[in-house]
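Structural overview for review
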Amino acid sequence: MITTRELYQRLYVYIRPHWWRVALSMVASLGIAATDGAMVKLVQPFVDRLIVAGEREMLILAPFLIIGLQLAKGISRFAQEYYIKSAGQLAIQRIRNHLFEHIMGLSMRFYGRTPNGVLMSKVMNDVGTMQSATAEVLVGVMRDAVSLVVLIGVAFYTDWKMAAIAFLSLPIAAFPAAKIGKKIKRHARSGQAAIGDLNSVLEQTFSGIKVIKAFGTEGQETRRFSFENNRFLSSVRKVIKYDAMAAPFIEVLTGFGAAAVVWYGMQRVIAGEMSQGQLFSVLAAIMLMYAPFKRLTKLNNYMQLAISAAERVFDVFDEKPEIVDAAETVSLGRARGAVTFASVSFAYDRDPVLTDFSLEVQPGEVIAFVGPSGAGKTTLVGLLSRFYDPTSGRILLDGHDLRQISLASLRRNVALVDQETFLFNDTIANNLRYGVPEATEDQVREAARLAYADDFIQQFPEGYATDVGQRGLRISGGQRQRLCIARALLRDAPVLILDEATSALDTESEAMVQKALANLMQNRTTFVIAHRLSTIMNADRIIVLDGGRVVGCGTHQQLLREDGLYRRLYDMQFQDS
Ligand SMILES: Nc1ncnc2c1ncn2[C@@H]1O[C@H](COP(=O)(O)OP(=O)(O)OP(=O)(O)O)[C@@H](O)[C@H]1O
Ligand SMILES: [Mg+2]
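Parameters and conventions
Position numbers for residues start from 1 in each chain and track the written sequence from start to end. As a convention, the first chain written is A and the first ligand written is 1, with the rest following in written order. For a predicted model such as this one, the threshold for reporting local features is a pLDDT of at least 70, and the threshold for listing and counting side-chain atom pairs is 80 or more; totals across whole chains, interfaces and linings nevertheless cover every residue. Each helix is a run of H or I in the DSSP string that is no shorter than four residues. Each strand is a run of E no shorter than two, and both are numbered from the N terminus. Residues are called buried when their C-beta atom has 20 or more other C-beta atoms within 10 Å, exposed when it has 12 or fewer, and partly exposed otherwise; all C-beta atoms are positioned from the backbone. Residues are defined as contacting one another if the C-beta atoms placed from their backbone atoms lie within 7 Å. Any two strands with at least two DSSP-identified bridges between them are counted as paired. In this analysis a residue is considered near a molecule or strand if the C-beta atom, reconstructed from its backbone, is found within 6 Å of that molecule or strand. Residues are grouped as follows: nonpolar covers Ala, Val, Leu, Ile, Met, Phe, Trp, Tyr, Cys and Pro; charged covers Asp, Glu, Lys and Arg; every other residue, Gly included, is treated as polar. Domain delimitation in this document rests on an assignment produced automatically or drawn from a domain database. Angles run from 0 to 180 degrees between N-to-C directions of axes, and those axes are lines fitted to C-alpha atoms, restricted for helices to the stretch in contact. Note on angle classes: values under 35 degrees are labelled roughly parallel, values over 145 roughly antiparallel, values of 65 to 115 roughly perpendicular, and the remainder oblique. Crossing chirality is assigned from the near helix's rotation relative to the far helix, an anticlockwise turn below a right angle marking it left-handed and a clockwise turn marking it right-handed. Any set of buried Ala, Val, Leu, Ile, Met, Phe, Trp, Tyr and Cys residues joined through C-beta atoms within 7 Å is what this text calls a nonpolar core. To estimate how far a helix should reach, multiply one less than its number of residues by 1.5 Å.

Turning to the overall build of the chain, a few remarks are in order. Per the secondary structure count, the chain includes 19 helices and ten strands. Principal-axis analysis of the C-alpha atoms places the extent of the chain at approximately 120 × 55 × 45 Å. Buried positions account for 37% of the 577 residues belonging to the chain. Pairs at least 24 apart in sequence give 80% of the contacts found in the chain among residues at least 6 apart.

Turning to the pairing of strand E1 (residues 339-347), a few remarks are in order. Sheet topology places E1 next to strand E2 (residues 352-361); six bridges connect them, and they run antiparallel. Bridge pairing in E2 links Phe341 to Leu359. Here E1 folds back onto E2 in antiparallel fashion, the turn holding four residues. Pairing of E1 with strand E4 (residues 392-397) involves five bridges; the strand directions are antiparallel. Considered in E4, the bridge of Ser345 is made with Ser392.

On to the site of ligand 1. Lining the immediate surroundings of ligand 1 are Gly112, Tyr348, Val353, Ser373, Gly374, Ala375, Gly376, Lys377, Thr378, Thr379 and Gln419. Top contributing element to the shell around ligand 1 by residue count: helix H11 (residues 377-384), with three residues. Partitioned by chemical class, the residues of the shell around ligand 1 number three nonpolar, seven polar and one charged.

Here the focus is the domain arrangement of the chain. Taken domain by domain, the chain holds domain 1 (4-317) and domain 2 (339-573). Placing the centre of domain 1 and that of domain 2 at their C-alpha centroids yields a distance of 56 Å.

Relative to the elements of secondary structure, Glu218 occurs in helix H9 (residues 218-270). The exposure class assigned to Glu218 is exposed, which follows from the 12 C-beta atoms found within 10 Å. Along the backbone, Glu218 and Thr205 are 13 residues apart, and their C-alpha atoms lie at a distance of 9.3 Å.

With that out of the way, let us pick up the sheet that holds E4. Taken in spatial order, the four strands make up an open sheet running E2-E1-E4-E5, and their pairing is antiparallel. Only two strands of the sheet have a single neighbouring strand rather than two, namely E2 and strand E5 (400-401).

As a further point, take the sheet that holds strand E9 (residues 541-546). Within the open sheet, the six strands sit side by side as E6-E7-E8-E3-E9-E10. Their pairing is mixed. Single-partner strands in this sheet number two, and they are strand E6 (414-417) and strand E10 (549-554). Neighbour to neighbour, the strand axes of the sheet diverge by 15° on average, direction disregarded. For E6 and strand E7 (residues 495-499), the ladder comprises four bridges, and the chain directions are parallel. Across the sheet, the residue bridging to Val417 is Leu498, located in E7.

Right, let's get into the packing of helix H2 (residues 19-52) against helix H10 (residues 276-317). Following both chains from N to C, one finds H2 and H10 inclined at 150°, their axes separated by 8 Å at the closest point. It follows from the interaxial angle that H2 and H10 lie roughly antiparallel. Considering how the two elements wind past one another, H2 and H10 form a crossing that is right-handed. Of H10, the residues touching H2 (which contributes Asp36, Val40, Lys41, Val43, Gln44, Pro45, Val47, Asp48 and Val52) are Gln276, Gly277, Gln278, Phe280, Ser281, Ala284, Ala285 and Leu288. Of the residues contributing to the contact of H2 with H10, the split by class is nine nonpolar, five polar and three charged.

Moving on to the nonpolar core. Soluble globular proteins tend to pack their nonpolar side chains together in the buried interior. Core analysis: the largest hydrophobic core is formed by 70 residues, its most contacted members being Ala368, Ala451, Ala486 and Ile497. No other element matches the seven residues that helix H16 (residues 477-491) contributes to this core. Discounting chain neighbours no more than four positions away, the residues touching Ile497 are Val381, Leu384, Ser385, Val414, Ala415, Leu416, Val417 and Phe527. Ranked by size, the runner-up nonpolar core spans 64 residues in total, among them Leu11, Val43, Ile184 and Ala309.

Given 3.6 residues per turn, any residue in an α-helix points the same way as the ones three and four places further on. Here H9 contains 53 residues, and its C-alpha end-to-end distance of 77 Å stays within 8% of the 78 Å for a straight helix at 1.5 Å per residue. For H9, the full list of buried residues reads Ser235, Val239, Tyr242, Asp243, Ala246, Ile250, Thr254, Gly257, Val261 and Gly265.

What follows covers the pairing of E9. With four bridges connecting them, strand E3 (residues 366-370) and E9 associate as parallel partners. Residue pairing for E9: Val370 is matched across the bridge by Val544. Taking the residues that link successive antiparallel strands as the turn, the E9-E10 hairpin has two residues, and the phi of Gly547 there is positive, at about 55°.

Positionally, Ala530 belongs in the loop between strand E8 (525-529) and E9. Linking Ala530 and Ala368, residues 162 residues apart in sequence, is a C-alpha distance of 7.7 Å. Not counting the four nearest positions on each side in its chain, Ala530 is found in contact with Ala368, Val370, Glu500, Ser503, Thr535 and Ile536.

Rendered as structure tokens:
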């Protein structure tokens, strides 16, 4: 938990570059306060000399003075608000960019435990709340606080006894205002959390729309949404309630102040101790103070809103990426592709997923991992991509521990075709070129051809310019897989990982893609994961995994002879033939 003080310090870092806007705005606040003060001061001669004594020259002067002062105040107000709000906006913009950059740098474990919807709500809503609330706070602190000080000064200068009576109510009003602010912060925080949940529901619903339709659970999802939405509403309603309470409190209290002043002031005017003008001047000060004071008490509420949002934002900033470059890193250039797993063990949480896994792979070798679902195959190649670091043991590429290799150079050397065939909402060409923006049109076509994707791409009316739609949903599963393979081929990395990369293809296309891959595999180390054993029969070595341990290793023929898990899997798949 960060303290409020730390919070301000961290916000200050963002506002500092825009100090001159803040300074301009400050000068403008002084202008506003000065015109307010002058206005109040002028009430006295207006009343005493114009209304009571009836001096002619005051009559001519008064309209000009009023218009002139209002003009000066208007210009000052504009400058004050514009400069401070734009400074706030610029600062928040940078916070949002930094937040996104920071989230991008966080590791897979973080993404595993934080729903996308919550992340989206932090970047959009919480930063947005910070933005609107800090704008109010900045405008208020500068304009209203300065005005208030000047008005109080003028009142005290005119008649300190009366001013003292009038302002006695202000410190009293501060107590309930602070209490209200606390309540607002609490409810605002739960409101912001509720928005995060609401976002998660939205995100999930739209991503899983097909499952929802297929199961006919639209009603259930609607109820879930409305439940979360209600939770949000109940927090927001409390915030509105306490926020609306603040002003009436002040109104009533200033009523007491004004009544006391009128009562006491009238007696002094009647006794001849002060002029009518002085009385009106003090009353005018109280009336003018009322608006800024009311806003200042609301300011505390805004401040609480901003703080609770900022806390949620800075919580993310405090998440440390787990996978980072070491202090001294090696940059590999193009690796040869020798991979060594040395007694690698791994657990996501507590339960071991891989236990003491060792394997030595020569450059250019094709290694297949097979084994039942949940055996740890995807986890193993995930470690090779360094999404996670092993709990114990080491993984080496060309003799360097992965942790010593710069992440950028590691990722350049390892290409991955995942189980999840994710495509960006963009054209086919841009999806293929992803991560390799410099690839020429010919290279893109060549990769597509090797992945047996060129044919079907050509058949689309728009060819390579076809939009694949949300997550590539406008394209069939097998087509999607071929695009993902082509995308990885274009990266031309010396280590290639294919995790169920051909599982969605029909036997014929798979055989073709296999043939294409066979050419490609020649110059690179390839890790293939497949349930369909026909896919991996030709691998140089097949590693059979079960429960995170190696239970068999060898070529297809050797493993068949061994009569272990591999044999059983094989028999089950080829029973009929
Ligand atoms: N992000 C994660 N957090 C926690 N546990 C995980 C995570 N990913 C996988 N696991 C667990 O690790 C184990 C191995 O999962 P893994 O995905 O490596 O299996 P797999 O062999 O690839 O299975 P499949 O053939 O079904 O793809 C499973 O028990 C799974 O529940
Ligand atoms: Mg898997």
